[in-house]
Amino acid sequence: MSNNDLITPVILSGGSGTRLWPVSTAARPKQFLNLTGPLSMFQMTLERCRDSDLFDLPIIVGGAKHASLAEEQMDEIGASAAAHILEPCARNTAPAIALAALACENPQRLILVMPSDHVIKDVSAFQDAVRQSLPLAKARWLVTFGIAPDGPETGYGYIQQGAGIFGSVNSFKVERFVEKPNRQNAEKMLEDGGYHWNAGIFLFRADSYLQALGEHAPEMLEAAKNAMNQSHKDKNQITPNEAIFAHAPSDSIDYAVMEKADKVAVTPVDAGWSDVGSWDSLFEISAVNDQSNVTSGSVLAINAKDNLIHADGLEVAAFGVHDLIIVASGNKVMVMPRGQSQNVKKIVTEFQKAD
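The text that follows walks through the structure, step by step, so that each part is easy to find. All values derive from a computational prediction rather than experimental measurement. (Residues numbered from 1 in each chain as written. Predicted model: local features only at pLDDT ≥ 70, side-chain atom pairs only at ≥ 80, totals over all residues. Heavy atoms only, no water.)

With that out of the way, let us pick up the overall build of the protein chain. A tally of regular secondary structure across the protein chain gives 11 helices and 19 strands. Scaling as 2.2 N^0.38, a compact globule of 355 residues should have a C-alpha radius of gyration of about 20 Å, and the protein chain matches this with 21 Å. Taken along its principal axes, the extent of the C-alpha atoms in the protein chain is 60 × 50 × 40 Å. Split into buried and exposed, the 355 residues of the protein chain put 52% on the buried side. Counting only contacts in the protein chain whose residues sit at least 6 apart along the sequence, the fraction spanning at least 24 positions is 68%. As displayed, the protein chain offers around 16,200 Å² of accessible surface, 47% of which is attributable to carbon and sulfur atoms. Charged side chains of the protein chain number 29 positive and 42 negative; the gap between the two group centres comes to 3 Å. (Helix = DSSP H or I, 4+ residues; strand = E, 2+ residues; numbered from the N terminus. Rg over C-alpha atoms; globule rule 2.2 N^0.38 Å. Buried < 20%, exposed > 50% of the residue type's maximum accessible area, 1.4 Å probe, protein only. Contact = heavy atoms within 4.5 Å. Areas by Shrake-Rupley, 256 points an atom, 1.4 Å probe, with all protein chains shown as cover. Lys, Arg positive; Asp, Glu negative; His and termini not counted. Charge placed at Lys NZ, Arg CZ, Asp CG, Glu CD.)

The next subject is the nonpolar core. If you look at the biggest cluster of nonpolar residues, it comprises 47 residues, and the most contacted ones within it are Phe204, Tyr209 and Val257. In terms of nonpolar packing, the next biggest core, distinct from the first, is built from 45 residues, Ile7, Tyr156, Ala186 and Ala199 among them. (Core = buried A, V, L, I, M, F, W, Y, C linked by side-chain atoms within 4.5 Å.)

Compared with an ideal rise of 1.5 Å per residue, which puts 12 residues at 16 Å, helix 7 (residues 218-229) spans 16 Å between its outermost C-alpha atoms and is within 8% of the ideal. On the buried face of helix 7, the contacting elements are strand 3 (83-87), helix 3 (93-103), helix 6 (206-216), strand 11 (237-239), helix 8 (242-245) and helix 9 (253-258). (Expected span 1.5 Å × (residues − 1).)

All right, on to the sheet that holds strand 18 (residues 324-329) then. Spatially, the four strands line up as an open sheet ordered 14-16-18-19, and their pairing is mixed. Two strands close off the open sheet at either side, each with one partner strand: strand 14 (294-296) and strand 19 (332-337). The sheet shows a mean angle of 5 degrees between the axes of neighbouring strands, taken without regard to direction. (Pairing = 2+ DSSP bridges. Axes fitted to C-alpha atoms, helices over the stretch in contact; angles between N-to-C directions.)

Let us look at a negative patch on the surface. Residues Asp122, Asp150, Glu153, Asp270 and Glu284 make up a contiguous surface patch of negative charge. Residue position: Glu153 is located in the loop between strand 6 (142-147) and strand 7 (158-164). (Patch = residues over 30% accessible without salt bridge, like charges linked within 9 Å, V, L, I, M, F, W, Y side chains within 5 Å. Salt bridge = Lys/Arg side-chain N within 4 Å of Asp/Glu carboxyl O.)

A few words now on the pairing of strand 18. Residues in a regular strand point their side chains to alternate faces of the sheet. Counting buried positions over the six residues of strand 18 gives six, a clear majority of the element. By the alternation rule, side chains of strand 18 split into Leu324, Ile326 and Ala328 and Ile325, Val327 and Ser329, which are all buried. As defined by bridge partners, strand 16 (residues 308-312) adjoins strand 18 across five bridges and the pair is classed as parallel. Bridged to Ile309 within strand 18 is Ile326. Across six bridges, strand 18 lies against strand 19 in antiparallel orientation. By the bridge assignment for strand 19, Ile326 is matched with Val335.

What follows covers the side chain of Arg205. Its location among the elements puts Arg205 in strand 9 (residues 195-205). Given the relative accessible area of 12%, Arg205 is considered buried. Of note is the side chain of Arg205, whose polar atom sits 2.8 Å from the side chain of Asp207. (Polar contact = N/O pair within 3.5 Å; in protein donor to acceptor, adjacent residues only side chain to side chain.)

The following block contains the structure:
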């Protein structure tokens, strides 16, 4: 590929990650934690786009308060960025992606938008899906990637594929986006076939996205443009004007653009994807020991089975317990049954009330 054909990865690193409390905090959210191995998920996302035959330097979009943490983790693995955009305030994914698209010197540049807090085990399968989608994206389609569902998950949105696209190897016109379903509807979608999990990963030309945004969310595009025009620049760091950017409507790319645009395609991919959205999902993607426990840190488990035990700063001992999530971090300890980790947000809310 010529330099003009290279893809610019856009890595979104602004999430708060409250569902993995008490390890994930506002000061150090889950994308910057080493939960699945020696690298953080932010670092793993950077590694995913190292292939210089396919990718140019990435554009990072994240919160200003995490700028030094992101730079530190990039330095640890020797990664560089074409630009590091520091969001002065959080306005959801659609405005964040607009900032990155506006930062591209070539408006026809292909950008691959990726959240920084996901795990993809089969990177080569993911990159193959990206390569297959390049002709569509060049032809001004907005491409999203659909994950092969392995069960009737109710925590994800779904994408229904429509007709195949002429000349495309493995991509389909999107029939519709489906909100997070109840279990009965999720089971029916799996039975019907042709549905994929929505991973929030996108490939398109920068100008295609900005044009769609102008058609469907013109106030958002205007705010992003004006904020970038009056941004503060320090080397490769760009800080959009806060007062202007704060006027951008807060909305996701799905609601603002993908559900409304005409030329929207889905490329299915089975690449061992997880959004690591809860302690339960971390258990599902982690290797278990001989007692079927997933442990991290200084843990002693005796006659204990099928537990997730995470010890950070404390020694944790468990005896005779089963199917628990035990997380110790700093001066906080959380214990709950496995399968109940969606209730972490309730715990966080109660602590916030107490403060």
